[in-house]
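Report on the structure
Chain by chain, the residues run as shown.
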Amino acid sequence: MPDLPQFPPGFRFGVSTAAYQIEGAVAEDGRGASIWDTFAHAPGRIRGGDTGDVACEHYHRWESDLDLIARLGAGAYRFSVAWPRIQPTGSGPVNAAGLDFYDRLVDGLAARGIDPLVTLFHWDLPQALQDEGGWNNRDTAMRFAEYAELVGERLGDRVKLWITLNEPYIHFALGHVQGVHAPGLNMLTDQLPVVHHLLLAHGLAVSALRRTSSAPVTLANNYSPVWPASASDEDQMAAAVYDMVQNHLFTDPILFGAYPPGYEFLTTADVDSIIMEGDLEVISQPIQALGVNYYNPSLIAAPPPGDLLPFARLPIEGYPQTAFDWPVVPDGLRQLLTGLKERYGDKLPPIWITESGCSWPDIDDQFRIDYIAGDLRAVRDAMDAGVEVHGYCTWSLLDNFEWAEGYHQRFGLVHVDFDTQERTPRRSFEWYGQVCAAAAPSPDGHPDPTG
Ligand code: GCO
């Protein structure tokens, strides 16, 4: 039995994936192109020239993959719906075959006693909407609400938790400023419309899901405790700016109904030409949980002279490193959870850890076992300090398409041979199965994800 602290009755253990990273079948059953199809096929964008065209062939192997989750004994499975399967051009009539796939998936989970946690947007925006400006265009938020309504109407009676957006900060920063993710833009000024329209899309989707489902709604941000490189004013200022953009920009408007101080640098225009009357009321509708994706802290210094960004990220030395060269700092998860509690107080809803995991290639992966155990202990420490946490989903069930790294980073409890599609459970799979088995059911026997 894993040497781990006890979690309260009803606490859920699960696994996370995302559509473009595992499904493949990118041109089947009416699916339209997404910005990730376009980006991955652009020369030089993805390590090794990899694409998500085939990935883990989950679209055709979903039943045996759900059997793997059931073998784990996981209580929850977080996956994402590919918008281009539901509406190939991001608007207009439903593509029935696409929605039918997720209908079967949700029924398959129910048949195995696994709660579906559904992410509506895990970065695969329909390319046709990007051609109209993407998130820089306010209309995209309206299209997202229509998409959310269609999915809510079909799946809303069985979904146990909705996640509107996955990591809007990462999608904004890496996709629209650094250009290393889709849509591959380098917007160095006037980024506020992208930020605001993502948040507005979240708010409009909350309204749509309220109309079509009784399940709780959240969104998942990638949070990172920010460590200033020194006590100098310059490093402290840079760290404060980074903390604002990564940790507060996509959370304050939702939980406080206001942007964090200092956000104005994201535009040269009058903010009232972007933030319309009533928008913040839509964005700040109550959510019933907050999704937290955690990987590591951020060590921040003032940028070198002439650098375009107002901060510089430094490597964190002195900690074990994953195969992705990310530092392993489990206490960073405790720091960020207690930090969220300190900042948001009684406005902070219960937390779901929607992602936590590491890139590690070995089948005999004690490294991954130790990683997950460390994060679980950090979660327990935060709960003992008063933070309400209702579940933990590790990233990921399967090795999969790791964005700009292609298939060179392996995050799965299960190894995937991408030449044969053979799945091989790692040692961490068996270990995590024991963690799931130790989960105490809630008094009513079938715990609600929000507890
Ligand atoms: C993210 C995404 C996942 C990644 C995982 C490892 O957090 O970037 O949600 O799709 O694959 O986090 O980077």
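Look up: the structure comes first, before these words.
Each value, and the rule that gives it
Residues numbered from 1 in each chain as written. Predicted model: local features only at pLDDT ≥ 70, side-chain atom pairs only at ≥ 80, totals over all residues. Heavy atoms only, no water. Near = heavy atom within 4 Å. Polar contact = N/O pair within 3.5 Å; in protein donor to acceptor, adjacent residues only side chain to side chain. Areas by Shrake-Rupley, 256 points an atom, 1.4 Å probe, with all protein chains shown as cover. Nonpolar A, V, L, I, M, F, W, Y, C, P; charged D, E, K, R; others polar. Salt bridge = Lys/Arg side-chain N within 4 Å of Asp/Glu carboxyl O. Helix = DSSP H or I, 4+ residues; strand = E, 2+ residues; numbered from the N terminus. Buried < 20%, exposed > 50% of the residue type's maximum accessible area, 1.4 Å probe, protein only. Pairing = 2+ DSSP bridges. Axes fitted to C-alpha atoms, helices over the stretch in contact; angles between N-to-C directions. Contact = heavy atoms within 4.5 Å. Phe/Tyr/Trp six-rings, centres within 6.5 Å; stacked < 30°, edge-to-face > 60°. Lys NZ or Arg CZ within 6 Å of the ring centre and 35° of its normal. Parallel < 35°, antiparallel > 145°, perpendicular 65-115°, else oblique. Left-handed = near helix turned anticlockwise from the far one by under 90°.

The next thing to look at is the site of the ligand. As a structural note, the neighbourhood of the ligand is formed by Gln21, His122, Trp123, Asn166, Glu167, Tyr295, Trp326, Glu355, Trp395, Glu402, Trp403 and Phe411. At a separation of 3.1 Å, an oxygen atom of the ligand approaches a polar side-chain atom of Asn166. Taking Tyr295, its side chain carries an N or O atom lying 2.8 Å from an oxygen atom of the ligand. Starting from 320 Å² of accessible surface for the ligand in isolation, the protein chains cover 96%. Looking at side-chain class alone, the shell around the ligand contains 6 nonpolar, 3 polar and 3 charged residues.

The next subject is the pattern of salt bridges. For the coordinates displayed, the defined rule picks out 24 salt bridges. Here Asp107 and Arg158 are joined by a salt bridge, their closest N and O atoms 2.8 Å apart. One end of the pair, Asp107, is in helix α5 (residues 96-111); the other, Arg158, is in the loop between α7 (139-155) and β4 (161-166), and 51 residues separate them in sequence. Judged by relative accessible area, Asp107 falls into the partly exposed class, the value being 38%. A relative accessible area of 17% places Arg158 in the buried class. The partner of Asp252 in a salt bridge is Arg343, with the nearest N and O atoms 2.7 Å apart. Of this pair, Asp252 sits in helix α11 (residues 252-255) while Arg343 sits in helix α13 (residues 331-344), placing them 91 residues apart in sequence.

What follows concerns the sheet that holds strand β9 (residues 312-314). A sheet is described by the order of its strands in space; here 3 strands give the open sequence β6-β8-β9, paired in mixed fashion. For this open sheet the edge positions go to β6 (226-228) and β9, each flanked by a neighbour on one side alone. Strand-to-strand, the axes of this sheet are offset by a mean angle of 45°, without reference to chain direction. Bridge count between strand β8 (residues 298-301) and β9: 3 bridges; the pairing is antiparallel. Across the sheet, the residue bridging to Ile300 is Arg313, located in β9. Across the sheet, helix α10 (residues 233-248) touches β6, β8 and β9, and the angle it forms with β8 is around 135°.

To continue, consider the pairing of strand β3 (residues 115-121). The element β3 is extensively covered by neighbouring structure, given that 7 of its 7 residues are classed as buried. Summarising the sheet, strand β2 (residues 76-80) and β3 pair through 5 bridges and their orientation is parallel. When the bridges of β3 are listed, Ala76 appears paired with Asp115. Pairing between β3 and β4: 4 bridges, direction parallel. Paired with Val118 across the bridge in β4 is Trp162.

To continue, consider the sheet that holds strand β1 (residues 12-16). Ordered in space as β1-β2-β3-β4-β5-β7-β10-β11, the 8 strands form a closed barrel in which the pairing is parallel. Strand-to-strand twist of the sheet, defined as the mean angle between neighbouring strand axes without regard to direction, takes the value 25°. α13 contacts β7 (290-294) and β10 (351-356) of the sheet and is inclined by roughly 150° relative to β7. Sheet strands touched by helix α14 (residues 366-384): β1, β7, β10 and β11 (389-395). Its angle to β11, the strand with the most contacts, is close to 165°.

Bringing the packing of aromatic side chains into the picture now. Inspection of every chain in the model, using the stated rule, returns 36 aromatic pairs. Consider the rings of Trp36 and Phe39, whose centres lie 5.2 Å apart with planes at 70°: the pair is edge-to-face. Taken together, the residues Trp36 and Phe39, both in helix α2 (residues 35-40) and 3 residues apart, mark about one turn of the helix. Its relative accessible area of 4% is what places Phe39 among the buried residues. With a centroid separation of 4.5 Å and 50° between ring planes, the pair formed by Trp36 and Trp403 is classed as tilted. Of this pair, Trp36 sits in helix α2 while Trp403 is found in the loop between β11 and β12 (414-417), placing the two residues 367 residues apart along the sequence. Judged by relative accessible area, Trp36 falls into the buried class, the value being 0%. What links up through ring pairs into an aromatic cluster is the set Tyr20, Trp36, Phe39, Trp123, Phe401, Trp403, Tyr407 and Phe418. We note Arg380 situated over the ring of Phe7; from NZ or CZ to the ring centre the distance is 6.0 Å.

The N-to-C vectors of α14 and helix α15 (residues 427-437) enclose an angle of 30°; their axes lie 8 Å apart at closest approach. With respect to each other, α14 and α15 are oriented roughly parallel. Crossing of α14 over α15 shows right-handed handedness. Mapping the contact onto sequence places Gln366, Arg368, Ile369, Ile372, Ala373 and Leu376 in α14 and Arg427, Ser428, Trp431, Tyr432 and Val435 in α15.

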